[in-house]
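Read off the chains here:
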Amino acid sequence: MFFFVFVLHLLSHTYKVNGAAKLPQQQIYIQTKNNKQSKKKMDKLLSLFENADPFKTWWPAIAALVFGLVIIVRTLMSGQRCPNDNQIRDQIVVVTGANSGIGLEIAKALAARGGRIVLACRNMAAAERAARVIKRELECQRLHPTHSIAASDAKYFVEARYLDLRSFESVHRFARRITGEFERIDVLINNAGIIFGPLGARTIDGYELHLQVNYLSHFLLTQLLLPHLQRSPSGGRVVNVTAHAHAAAKIDFDDPLNVGTWAVNFHARDAFAHSKLAVLLATRWLARQMKGTPLTVNCCTPGLVRGTGHLRSSPLMSAISVKLMTLPWRWLFMKNPFEGAQCAIRLATDPKLKNVSGEYFNDCEIAQSSLNGRDIALAKKLYMQTIKELEKVTKLIIEKDIESETLALEMAPQPADAEAENYKVQQQAGPKRPKEGKAKAKQQQLKQQKA
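About the criteria used
Residues numbered from 1 in each chain as written. Predicted model: local features only at pLDDT ≥ 70, side-chain atom pairs only at ≥ 80, totals over all residues. Heavy atoms only, no water. Pairing = 2+ DSSP bridges. Helix = DSSP H or I, 4+ residues; strand = E, 2+ residues; numbered from the N terminus. Contact = heavy atoms within 4.5 Å. Axes fitted to C-alpha atoms, helices over the stretch in contact; angles between N-to-C directions. pLDDT = per-residue confidence, 0-100. Buried < 20%, exposed > 50% of the residue type's maximum accessible area, 1.4 Å probe, protein only. Right-handed = clockwise from strand over helix to strand, strands pointing away. Patch = residues over 30% accessible without salt bridge, like charges linked within 9 Å, V, L, I, M, F, W, Y side chains within 5 Å. Areas by Shrake-Rupley, 256 points an atom, 1.4 Å probe, with all protein chains shown as cover. Salt bridge = Lys/Arg side-chain N within 4 Å of Asp/Glu carboxyl O. Phe/Tyr/Trp six-rings, centres within 6.5 Å; stacked < 30°, edge-to-face > 60°. Lys NZ or Arg CZ within 6 Å of the ring centre and 35° of its normal.

A short note on the sheet that holds strand β6 (residues 296-301)
In spatial order, the strands read β3-β2-β1-β4-β5-β6-β7-β8; together these eight strands make up an open sheet with mixed pairing. Since the sheet does not close on itself, it has two edges, and those belong to β3 (158-162) and β8 (365-366), each with one partner. Here five bridges tie strand β2 (residues 116-121) to β3, and the two strands are oriented parallel to one another. Paired with I117 across the bridge in β3 is V158. Contacting β2 and β3, helix α4 (residues 124-142) crosses the sheet at an angle of about 170° to β3. Packing against the sheet, helix α11 (residues 342-349) makes contact with β4 (187-190), β5 (237-241), β6, β7 (360-362) and β8, and its axis sits at approximately 165° to β5.

Structural data, given as structure tokens:
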């Protein structure tokens, strides 16, 4: 019995060994067969490509045509680059809204050309971060072996200053600080702006949000800095950023600012277009006012630009599905911030534009604006109404008779948190009432003394 069990165990072991020996051979055979089939397929594919005639097949031509069209469209939509690399060594440049998007690219490019850049922003945390990023990137570039020794010794001045365009008081405070800090200003780039703001939203000064941020506050800032701009030895430059949307603006000759009690509340798109047309018209009239002086005033449109944060508030772009579907089209038909900044960079640096003023630029060249944008009578009407409106709620000049101690206190830097808190308190208090003139205030004092 024991012998019989031993024989069965020996036979089973022999069968396993033989089976194990035969299994790899079968696998090797199958693998070899598969390799031969793969090689035949590869040879057939290679022979197909070697013997292929591109003129007898349609798909290579279609693929090449599509690829070529995409490259052509992308190149055309990216616009023209700034045609010069002129240096603006030690020129003082103020750029509003420079903490991101187009403003950041403008500041970075002008700092690389030797300018002393002031980032005028409401979000101080983002502005200070942007200043650090610009200086770090420029430091890395100047350490590159291709840069000259002079470039490696450069010191980059990029500083952030608080400016809230929703408040005329903040504009005055910023102007006082800048004029106290610098003896002159060479370039002012009014770049900041909003779109798709809340419908019917008002600022603490009582104006429609788009109108004040995009136009009125920049107009006031320009007027306050004009004396310093005229001190520039190279001839001061004012660059206002408008938009293609100005062509669709609705405007009334009798009330171009749309501040009358009967005025219709604009939709956000219409309010944006109206504010950008106002920027264009004010540019043209201010240039006429400055005729005969070295100061130039021009405006430019960056075009359709993605990645600026403007589309963040768009009702259409709030859905993730829409963002994903439009992503390739936005890449194809819209500029990136670097490309959108090129026109403003040229206006700020090109010596060929030293005597060009009152023009509208697109893709670094003088372009034709809408009919309303070329209406000089409308430009004068808007300019004069703007002056009257600003005189009601603020002052168009920086007071020179302020005591030194008071001026020092007002020029002292104020934390961004405190500024934001002040804005909230003022907004809750409602629109400010028009300030009384000095003469009227003195008369009231005299009446009180007599009484």
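So that's the structure; there's more coming.
Section: the confidence of the model for the protein chain
In the predicted model, the protein chain carries a mean pLDDT of 78, and the fraction of residues at 70 or more is 68%. Summarising per-element confidence for the protein chain, the mean pLDDT is lowest in helix α13 (residues 404-411) (38) and highest in β4 (98). Predicted confidence for residues 1-23 stays below pLDDT 50, and this span has zero contacts to residues more than four positions away or in other chains. For the stretch residues 423-442, pLDDT sits under 50, and the model shows 21 contacts to residues farther than four places along the chain or on other chains.

Some words on the pairing of β5
Most of β5 sits inside the fold, with five of its five residues counted as buried. With four bridges joining them, β4 and β5 adopt parallel strand pairing. Within β5, the residue paired with V187 across the bridge is R237. This β-α-β element, β4 to helix α7 (residues 209-229) to β5, shows right-handed connectivity. Both β5 and β6 contribute to a ladder of five bridges, which runs parallel. When the sheet's bridge partners are listed, R237 is paired in β6 with T296.

Focus on a nonpolar patch on the surface
A cluster of nonpolar residues, W58, W59, I62 and V66, forms a patch on the protein surface that exposes about 490 Å² of accessible area. Counting through the fold element by element, V66 comes out in helix α2 (residues 59-78).

Some remarks on the packing of aromatic side chains
Following the criterion strictly, the structure yields four aromatic pairs and no others. Seen from their ring centres, F219 and Y383 are 5.1 Å apart, and the 65° between their planes marks the pair as edge-to-face. One end of the pair, F219, is in helix α7; the other, Y383, is in helix α12 (residues 376-393), and 164 residues separate them in sequence. Exposure remark for F219: the relative accessible area of 6% places this residue in the buried category. Overall, Y383 belongs to the buried group, its relative accessible area being 5%. Here the aromatic residues Y215, F219 and Y383 are joined through ring pairs into a cluster of three or more. Sitting over the ring of F157, R116 keeps its end group 4.7 Å from the ring centre.

Here we look at the pattern of salt bridges
Considering all chains together, one arrives at twelve salt bridges under this definition. In this structure, K335 engages D363 in a salt bridge whose closest nitrogen and oxygen atoms are separated by 2.7 Å. With K335 in the loop between α9 (320-333) and α10 (337-340) and D363 in the loop between β7 and β8, the pair connects residues that are 28 residues apart, well separated along the chain. For D363, a relative accessible area of 26% gives the class partly exposed. Between E389 and K392 there is a salt bridge, with the nearest N and O atoms lying 3.4 Å from each other.

With respect to the pairing of β2
In terms of burial, β2 is a largely internal element, five of the six residues being buried. Pairing of strand β1 (residues 92-96) with β2 involves five bridges; the strand directions are parallel. Bridging from a neighbouring strand, V95 pairs with L119 of β2. Taken together, β1, helix α3 (residues 101-112) and β2 constitute a β-α-β crossover, and its handedness is right-handed.

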